[in-house]
Amino acid sequence: MNTITADDKDPMGRAIADYHKTGKAGKLRVLSSMFYEDEIPVATLFRTFGQMPPQEQAAIELCRGRILDVGAGAGCHSLELQKRGCEVVSIDISELSVQVMKERGLDARTVNFFDETFTEKFDTILLAMNGIGIVGKVEKLPLFFRSVKRLLNKGGQVLLDSTDIRYIFMNDDGSMDINLAAGYYGEVDFKMRYRNTCGEPFDWLYIDFDTLSMYAGENGFSCTKCADGEHYDYLAKLTIKE
Ligand code: SAH
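Before going into details, it helps to say that this report is about the structure given with it. (Residues numbered from 1 in each chain as written. Predicted model: local features only at pLDDT ≥ 70, side-chain atom pairs only at ≥ 80, totals over all residues. Heavy atoms only, no water.)

Of note in the backbone geometry, methionine 129 takes a positive phi value of approximately 60 degrees without being a glycine. Relative to the helices and strands, methionine 129 resides in the loop between β6 (122-127) and α5 (141-151). At asparagine 130, a position not held by glycine, the phi torsion is positive, near 55 degrees. Mapping asparagine 130 onto the fold places it in the loop between β6 and α5. (Helix = DSSP H or I, 4+ residues; strand = E, 2+ residues; numbered from the N terminus.)

Spelled out as structure tokens, the structure:
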């Protein structure tokens, strides 16, 4: 889980680099065996504070101390935090994205969040735009909590947003088409494509607040909801139980 994305397998990084250089980009396609093909408008990866959804704005307001922006992408949250005078380190496994963030004036590093040799300490760990998705599967949540414990200062916090995707499986009468034997319903497989660059398939986790709280408790964390989003999404805060 400590891998870095190769440039020729990095559609999102290529899209971010193009947009940064030219102010426009082609289609960033998202494919999954579970959903219809979708698209991430590349401009949204460069969103300003005013363009962020309310739960992301709330997350920015709650950030304090030395901040780690995990899976920072084009660095939109890091830039806003830096503008507010915060000290922020931005990490991503996409070298292309990290290069763009450096050119935008950020302290950006090509680091995988799960890499145990990354041992700096932070007061806030921010995982924006369903950043906890990088965990991939619920069974890997203990590894996530271990990494958080490694990186968090005493009294520190994790801020993350996610979505309860149960609405996708819900029938009109409220019943759900979910195969309970198939694992947790928020475990999704994705693949991205940009122009002629195809990424490797990857696992991505959407997690509802109750399931997150349960795993947090089992791993020695308190979990509180800070805000509800507009569509089954929410902002949560994790802190280590004293
Ligand atoms: N936070 C940004 C970008 C979200 S896209 C925003 O809100 O706009 C998710 C990002 O996470 C991608 O740039 C991807 O390269 C990065 N990523 C995926 N797995 C990672 C990991 N294990 N460690 C660090 N970054 C990771």
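The tendency in soluble globular proteins is for nonpolar side chains to be buried side by side. Judged by nonpolar contacts, the single largest core of 54 residues is most densely connected at Leu68, Phe113, Ile125, Leu141, Phe144, Ile207 and Leu238. Among the elements that line this core, the one with the most residues is α5, at five residues. Excluding anything up to four places from it in sequence, phenylalanine 144 contacts Phe113, Phe114, Leu127, Ile132, Val135 and Leu238. Counting residues in each nonpolar core, the second largest holds 13 residues, with Ile60, Cys76, Ala128 and Ala227 among its members. (Core = buried A, V, L, I, M, F, W, Y, C linked by side-chain atoms within 4.5 Å. Buried < 20%, exposed > 50% of the residue type's maximum accessible area, 1.4 Å probe, protein only. Contact = heavy atoms within 4.5 Å.)

Near the ligand there are 18 residues, and of these Arg47, Gly71, Asp92, Asn112 and Phe113 occur at the shortest range. Within the side chain of aspartate 92, an N or O atom sits 2.6 Å from an oxygen atom of the ligand. Expressed as a share of its isolated accessible area of 580 Å², the protein-covered part of the ligand is 89%. A per-class count over the shell around the ligand returns eleven nonpolar, five polar and two charged. (Near = heavy atom within 4 Å. Polar contact = N/O pair within 3.5 Å; in protein donor to acceptor, adjacent residues only side chain to side chain. Areas by Shrake-Rupley, 256 points an atom, 1.4 Å probe, with all protein chains shown as cover. Nonpolar A, V, L, I, M, F, W, Y, C, P; charged D, E, K, R; others polar.)

Turning our eyes to something else, we now look at the sheet that holds strand β4 (residues 87-92). Spatial ordering of the open sheet is given by β5-β4-β3-β6-β7-β12-β11, a layout of seven strands whose pairing is mixed. The open sheet terminates on both sides in strands that have one partner only, identified here as β5 (107-110) and β11 (221-228). Going across the sheet, the axis of each strand differs from the next one's by a mean of 20 degrees, ignoring polarity. Inspection of the sheet shows strand β7 (residues 152-163) paired to strand β12 (residues 233-240) by six bridges, in the antiparallel sense. (Pairing = 2+ DSSP bridges. Axes fitted to C-alpha atoms, helices over the stretch in contact; angles between N-to-C directions.)

Once that is clear, we can look at the pattern of salt bridges. In this structure the tally under the stated criterion is 16 salt bridges. Here arginine 146 makes a salt bridge to glutamate 116, at a shortest N to O gap of 3.9 Å. Of this pair, arginine 146 sits in helix α5 while glutamate 116 sits in the loop between β5 and β6, and the two are 30 residues apart along the sequence. (Salt bridge = Lys/Arg side-chain N within 4 Å of Asp/Glu carboxyl O.)

Glancing now at the packing of helix α1 (residues 11-22) against helix α4 (residues 95-103). Interaxial distance between α1 and α4 falls to 8 Å at its minimum, and their mutual angle equals 30 degrees. Considering the angle they form, α1 stands roughly parallel to α4. For the crossing formed where α1 meets α4, the hand is left-handed. Two secondary-structure elements touch here, α1 through Gly13, Arg14, Ile16, Ala17 and His20 and α4 through Leu96, Ser97, Val100 and Glu103. Of the residues belonging to the contact of α1 with α4, the class tally is four nonpolar, three polar and two charged. (Parallel < 35°, antiparallel > 145°, perpendicular 65-115°, else oblique. Left-handed = near helix turned anticlockwise from the far one by under 90°.)

Another aspect to go through is a nonpolar patch on the surface. Together, Tyr167, Ile168 and Tyr232 make up a nonpolar patch on the protein surface, roughly 250 Å² of accessible area in all. Of note, tyrosine 167 is situated in the loop between β7 and β8 (187-194). (Patch = residues over 30% accessible without salt bridge, like charges linked within 9 Å, V, L, I, M, F, W, Y side chains within 5 Å.)

This part is about the packing of aromatic side chains. A full pass over the atoms with the stated rule returns 14 aromatic pairs. Here phenylalanine 144 and phenylalanine 145 contribute two aromatic rings whose centre-to-centre distance is 5.3 Å and whose plane-to-plane angle is 70 degrees, an arrangement assigned as edge-to-face. By relative accessible area, which is 0% here, phenylalanine 144 ends up buried. Ring geometry for tyrosine 184 versus tyrosine 185: centroids 4.7 Å apart, planes at 40 degrees, classification tilted. Grouping residues by exposure puts tyrosine 184 and tyrosine 185 together as buried. These aromatic residues form a ring-pair network of at least three members: Phe35, Phe190, Phe202, Trp204 and Tyr206. In this structure, arginine 84 packs its charged tip against the face of phenylalanine 49, placed 4.5 Å from the ring centre. Across from the ring centre of phenylalanine 209, 5.3 Å away, lies the NZ or CZ of lysine 225, which sits over that ring. (Phe/Tyr/Trp six-rings, centres within 6.5 Å; stacked < 30°, edge-to-face > 60°. Lys NZ or Arg CZ within 6 Å of the ring centre and 35° of its normal.)

On to the side chain of aspartate 164, then. Within the element layout of this structure, aspartate 164 appears in the loop between β7 and β8. Classification of aspartate 164 as buried rests on a relative accessible area of 12%. A polar side-chain atom of aspartate 164 sits 2.9 Å from a polar atom in the side chain of arginine 166. Within the structure, the side chain of aspartate 164 is placed 2.7 Å from the side chain of tyrosine 185, a separation counted as a polar contact.

Any functional reading would require information that these geometric values do not contain.
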